[in-house]
Amino acid sequence: MDYELVCTSCGTKAADPEFRCRKCNSVLEVKYDYSMVRLDNGFRKQRITHKKYAKFFPVKGKLFDMGEGGTTLKKIKLKDHILFLKLEAENPTGSFKDRGSTIDITKALELGFGGVCCASTGNMGLSIATYARKAGLKCTIFISSDANDEKKGKIRKAGATLCNVKGRFNTALLSAEKFAKENDVFLCGDYHYRKEGQKSIIMEIVEQMEYRVPDHLFIQVGNATLLAATYKALLEFKMLRLIKKLPRIIAVQAAGCDPLVRAYEKGKPIGYVEPRTYADAIAVGYPTFGFEGITALDGTNGIAISVKDKEIEDARMELYDKYGIKSEPGGAVGYAGFLKLYGEEPSIFRDKKVAVIITGNNESWPKSL
Ligand SMILES: [Zn+2]
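Residues numbered from 1 in each chain as written. Predicted model: local features only at pLDDT ≥ 70, side-chain atom pairs only at ≥ 80, totals over all residues. Heavy atoms only, no water.

Student: Talk me through the overall build of the protein chain; I want residue IDs and the actual numbers.
Tutor: Secondary structure summary: the protein chain contains 11 helices and 13 strands in total. Taking 21 Å as the expected radius of gyration for a compact globule of 369 residues, we find that the protein chain reaches 19 Å, a close match to that expectation. If one aligns the C-alpha atoms of the protein chain with their principal axes, the spans along those axes are about 55 × 50 × 40 Å. Within the protein chain, the fraction of its 369 residues that count as buried is 60%. Counting contacts in the protein chain only where the partners sit at least 6 residues apart, residues at least 24 apart contribute 70% of the total. Just so you have it, the protein chain exposes about 15200 Å², and 49% of that area is on carbon and sulfur atoms. The centroid of the 58 positive side-chain charges in the protein chain is displaced by 2 Å from the centroid of its 45 negative side-chain charges. (Helix = DSSP H or I, 4+ residues; strand = E, 2+ residues; numbered from the N terminus. Rg over C-alpha atoms; globule rule 2.2 N^0.38 Å. Buried < 20%, exposed > 50% of the residue type's maximum accessible area, 1.4 Å probe, protein only. Contact = heavy atoms within 4.5 Å. Areas by Shrake-Rupley, 256 points an atom, 1.4 Å probe, with all protein chains shown as cover. Lys, Arg positive; Asp, Glu negative; His and termini not counted. Charge placed at Lys NZ, Arg CZ, Asp CG, Glu CD.)

Listed below in structure tokens is the structure:
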């Protein structure tokens, strides 16, 4: 679809392949001309896959894809509510990151780059490395030296150059941005392009629920890209009259790394928090899409909550014991949030539809605290 890039903060227009506003350094947003969107009658009948939603992505030609999306939405009828679990570990590299990688790699190819780079806590690096290899692009991944060793090994195996950065994810992020500028490679990662690709999870959920939305939707938050993307997708579907209302979004962070929860509770801008959680996939001290994440909560009457590592591990075990679903710690954070709220106030879930995104499973299982 035709689009323009606009700064989320000062409104300055940008052009491909800029990834931050040249005036104020804020993140950019992809804006489409929705009046040009035409969904033909067959749209609803098409098989549900990520590439089905190409009209909602900022790509000009064919989408580079590896068969991602179309993941299971497991429906579980419980005594007082219905639970829907979206199983994102079914994607080609084991996490929801593959949806965003299709856009990153498509744009890199479209714009004629010979290489890509990105900062990652692990899963995104593995996804980008795998997609770049398939696309014939050189790939450099910046990762914290204390990130998960198992994921580092998988990234190396996928053929990427791995740069260990002394410091946490946000330090790796600065390294990746610098490297992209100095080496003329395409910067992948949690910016506006990837955000567009992450929209397809909720689009699939809506279709799998026959164009109804859940009453409550639990989303784990690291960089808040999925949270911001989900809200944008819901607004797009609403604008196109595919849905009538929005779900209430509950953002869930690990208690040891909860900058969004703190900002939300105090009504203040997001501040950096030194990550201290075993859920490495969401160990992000300063979320890139934090401001947009808060906007998503404000726009859906949502809330932000945190869960302790022990609660995450219990949720992870329960997913396996009750439903046979394997998840890495970061992937089970949304479910841990649901269990916590349900335990505190079950009445708010009575006769409701509750959806939880289980984001990935890229660590040996089980791993105990
Ligand atoms: Zn700006």
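Student: Give a description of the sheet that holds strand β3 (residues 28-32) that names residues and reports values.
Tutor: Within the open sheet, the three strands sit side by side as β2-β1-β3. Their pairing is antiparallel. Each edge of the open sheet carries a strand with a single partner, namely β2 (13-14) and β3. Relative to β2, strand β1 (residues 3-7) runs antiparallel, the two sharing two bridges. From the neighbouring strand, Val6 faces β2, where its bridge partner is Lys13. (Pairing = 2+ DSSP bridges.)

Student: Can you break down the packing of aromatic side chains residue by residue, with the values?
Tutor: Two numbers describe a pair of aromatic rings. These are the distance of the centres and the angle of the planes. Tallying each qualifying case throughout the model produces 14 aromatic pairs. The ring of Tyr211 carries Arg44 above its face, with NZ or CZ at 3.9 Å from the centroid. We note Lys52 situated over the ring of Phe43; from NZ or CZ to the ring centre the distance is 4.6 Å. (Phe/Tyr/Trp six-rings, centres within 6.5 Å; stacked < 30°, edge-to-face > 60°. Lys NZ or Arg CZ within 6 Å of the ring centre and 35° of its normal.)

Student: Account for the coordination of the zinc ion, naming residues and giving values.
Tutor: Octahedral six-donor coordination of a metal ideally yields angles of 90 or 180 degrees, compared with 109.5 degrees for tetrahedral four-donor coordination. Around the zinc ion, the protein supplies Cys7 (SG), Cys10 (SG), Cys21 (SG) and Cys24 (SG) as donor atoms, at distances of 2.2 to 2.3 Å. Seen from the zinc ion, its four donor atoms lie at angles of 101 to 122°, and the figure they make is tetrahedral. Ordering the donors of the zinc ion by residue number gives the pattern C-x2-C-x10-C-x2-C. Here Cys24 lies in the loop between β2 and β3 and Cys10 lies in the loop between β1 and β2, a separation of 14 residues in the sequence. What makes Cys10 partly exposed here is its relative accessible area of 41%. (Donors = N, O, S within 2.8 Å, 3.2 Å for Na, K, Ca; no water. Tetrahedral: all angles 85-135°; square planar, octahedral: opposite > 155°, others 65-115°.)

Student: Can you break down helix α1 (residues 97-110) residue by residue, with the values?
Tutor: Its 14 residues place the ends of α1 20 Å apart at the C-alpha level, agreeing with the 20 Å of an ideal helix rising 1.5 Å per residue. Judged by how many residues are buried, α1 sits mostly within the fold: 12 of 14 residues are covered. What α1 keeps buried is the set Lys97, Asp98, Arg99, Gly100, Ser101, Thr102, Ile103, Asp104, Ile105, Thr106, Lys107 and Ala108. Gly112, located one to two residues past α1, shows a positive phi value of around 80°. (Expected span 1.5 Å × (residues − 1).)

Student: Residues and numbers for helix α2 (residues 123-135), please.
Tutor: Counted at 1.5 Å a residue, the expected span for α2 with its 13 residues is 18 Å, and the 18 Å between its end C-alpha atoms agrees. All of the buried residues along α2 are Asn123, Met124, Gly125, Leu126, Ser127, Ile128, Ala129, Tyr131 and Ala132. Buried residues in α2 make contact with α1, β6 (115-120), β7 (138-144), α3 (149-157) and α5 (192-198). Positive phi shows up at Gly136, right after α2, with a value of about 75°.

Student: Residues and numbers for the state of the cysteines, please.
Tutor: Evaluation of the coordinates by the stated rule reveals zero disulfides. For Cys188, which is in no disulfide, the shortest distance to another cysteine sulfur is to Cys118 and amounts to 6.0 Å. (Disulfide = S-S within 2.5 Å.)

Student: Explain the nonpolar core to me, and be specific about the residues and the numbers.
Tutor: Side chains of a nonpolar character, in soluble globular proteins, are inclined to be buried together. Counting residues in each nonpolar core, the largest one holds 79 residues, and the members touching the most others are Val116 and Leu227. If one sorts the elements of this core by residue count, helix α7 (residues 225-239) sits on top with seven residues. If you count residues domain by domain, this core takes at least three from each of domain 1 (73-95 + 194-358) and domain 2 (97-192). The contacts of Val116, once residues within four sequence positions are left out, are Ile105, Ala108, Ile128, Ala132, Leu137, Lys138, Cys139, Thr140, Val185, Phe186 and Cys188. Listed in part, the 28 residues of the second largest apolar core include Val307, Tyr323, Val333 and Leu341. (Core = buried A, V, L, I, M, F, W, Y, C linked by side-chain atoms within 4.5 Å. Domains from an automatic or database assignment.)

Student: Kindly report on the packing of helix α8 (residues 259-266) against helix α9 (residues 290-299), identifying the contributing residues and their values.
Tutor: Remark: α8 packs on α9, axes separated minimally by 10 Å, with the N-to-C direction vectors making an angle of 55°. Here α8 is positioned oblique relative to α9, judged by the angle of their axes. Crossing handedness for the pair α8 and α9: right-handed. Across the interface between the two elements, Leu260, Ala263 and Tyr264 from α8 touch Gly290, Gly293, Ile294, Leu297 and Asp298 from α9. Of the residues that constitute the contact of α8 with α9, the class distribution is five nonpolar, two polar and one charged. (Axes fitted to C-alpha atoms, helices over the stretch in contact; angles between N-to-C directions. Parallel < 35°, antiparallel > 145°, perpendicular 65-115°, else oblique. Left-handed = near helix turned anticlockwise from the far one by under 90°. Nonpolar A, V, L, I, M, F, W, Y, C, P; charged D, E, K, R; others polar.)

Student: Could you give me a rundown of the environment of Thr8, with the residues and numbers involved?
Tutor: Along the chain, the position of Thr8 falls in the loop between β1 and β2. Taking the relative accessible area as the measure of exposure, Thr8 reaches 28% and is therefore partly exposed. In this structure, the C-alpha to C-alpha distance between Thr8 and Ser26, residues 18 residues apart in sequence, is 6.6 Å. Contact partners of Thr8, with chain neighbours within four places excluded, come to Ser26, Val27, Leu28, Glu29 and Glu292. A distance of 2.8 Å separates a polar side-chain atom of Thr8 from the backbone oxygen of Val27. A polar side-chain atom of Thr8 sits 3.3 Å from a polar atom in the side chain of Glu292. (Polar contact = N/O pair within 3.5 Å; in protein donor to acceptor, adjacent residues only side chain to side chain.)

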